[in-house]
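Reading the structure
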Amino acid sequence: MELETKILSKQIQELLYNNEKTLGTAESCTGGRIAEAIIAVPGASNYYKGGIISYTNEIKEKLLNVSHQVLEEQTAVCEEVAKEMVSGAIKALDVDFAISATGIAGPTGGTKEIPVGTIWLGYGNAGDIRTFELTEDFGRDINLGIATNKALQLLLNFLKEHEKELDAEKK
């Protein structure tokens, strides 16, 4: 695992652990890589409750409560699904924060409308879910590595932005 990934995971750990908050993941295209990055830091069990690898639409619907209609109309690779995966993970795993990833890592599976390398990341808490879209194709392994690091960086920035609120809730 890259040093950058471990540093991001350690910083996330410090913010969550120090504020007695929990984290979960809902991953599709990343297949557990985000969870793997989080648990690479000793002590992750103090704040990381678990993850759902929802590689198929069926699992997205059944375990994460992603809308069948959204999946049919917009496909699994869209902003709305990334948001619903975060919301579903927060509820299913009973956590304060969640990260999601849904996309097409490649080398095949892309279309003109949704090319290989399109990955939607979701992150946040029940009251504030945000997304980020990756759009470049660097090959499957690099696409997945970029998605993992970007998801961790986005969550870290989100936690830092909300750090005063987290600290106030703890008291």
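Residues numbered from 1 in each chain as written. Predicted model: local features only at pLDDT ≥ 70, side-chain atom pairs only at ≥ 80, totals over all residues. Heavy atoms only, no water.

With respect to helix α6 (residues 140-161)
Here α6 contains 22 residues, and its C-alpha end-to-end distance of 31 Å stays within 8% of the 32 Å for a straight helix at 1.5 Å per residue. Every buried residue of α6 is listed here: N143, L144, A147, T148, N149, A151, L152, L154, L155, L156, F158 and L159. (Helix = DSSP H or I, 4+ residues; strand = E, 2+ residues; numbered from the N terminus. Expected span 1.5 Å × (residues − 1). Buried < 20%, exposed > 50% of the residue type's maximum accessible area, 1.4 Å probe, protein only.)

Here we look at the packing of aromatic side chains
Considering all chains together, one arrives at two aromatic pairs under this definition. Look at F97 and F158: their rings are 6.1 Å apart centre to centre, the planes differ by 75°, and that puts the pair in the edge-to-face class. Pair noted here: F97 is in strand β3 (residues 97-103) and F158 is in helix α6, with a separation of 61 residues, a long-range link. Centre to centre, the rings of Y123 and F158 are 6.0 Å apart; their planes meet at 85°, and the pair counts as edge-to-face. Placement of Y123 in strand β4 (residues 119-125) and of F158 in helix α6 is noted, with a sequence separation of 35 residues between them. What makes F158 buried here is its relative accessible area of 1%. An aromatic cluster is defined as three or more aromatic residues linked by ring pairs; in this entry it consists of F97, Y123 and F158. (Phe/Tyr/Trp six-rings, centres within 6.5 Å; stacked < 30°, edge-to-face > 60°.)

As for the pattern of salt bridges
Counted by the stated rule, this structure contains five salt bridges. Between R130 and D128 there is a salt bridge, and its shortest N-O distance comes to 2.8 Å. Given a relative accessible area of 24%, R130 falls into the partly exposed group. Among the charged side chains, a salt-bridge network with shared partners connects D128, R130 and E161. (Salt bridge = Lys/Arg side-chain N within 4 Å of Asp/Glu carboxyl O.)

Regarding the side chain of T131
With respect to the helices, strands and loops of the structure, T131 is situated in strand β5 (residues 128-134). Side chain to side chain, T131 and E79 meet in a polar contact 2.6 Å long. Not counting the four nearest positions on each side in its chain, T131 is found in contact with E79, A82, K83, W120, L121, G122 and Y123. (Polar contact = N/O pair within 3.5 Å; in protein donor to acceptor, adjacent residues only side chain to side chain. Contact = heavy atoms within 4.5 Å.)

What about the UniProt feature "domain: CinA C-terminal" (unreviewed entry) in the chain?
Summarizing the sequence annotation, UniProt attributes the feature "domain: CinA C-terminal" (unreviewed entry) to residues 8-158 in the numbering used throughout. Regarding residues 8-158, the helix share stands at 44% and the strand share at 21%, and the terminal C-alpha atoms are separated by 13 Å. (UniProt positions renumbered as here; feature names shortened; annotations may be inferred.)

Section: the pairing of strand β2 (residues 48-53)
With five bridges joining them, strand β1 (residues 23-27) and β2 adopt parallel strand pairing. Counted as the bridge partner of L23 is Y48 from β2. The β-α-β motif built from β1, the intervening helix α2 (residues 33-39) and the parallel element β2 has right-handed crossover chirality. (Pairing = 2+ DSSP bridges. Right-handed = clockwise from strand over helix to strand, strands pointing away.)

With respect to the pairing of β1
In terms of burial, β1 is largely enclosed, as five of its five residues are buried. The alternating pattern of β1 places L23, T25 and E27 on one face and G24 and A26 on the opposite face, and all of these are buried. In this structure, β1 lies alongside β3, joined through five bridges in parallel fashion. When the sheet's bridge partners are listed, T25 is paired in β3 with I99.

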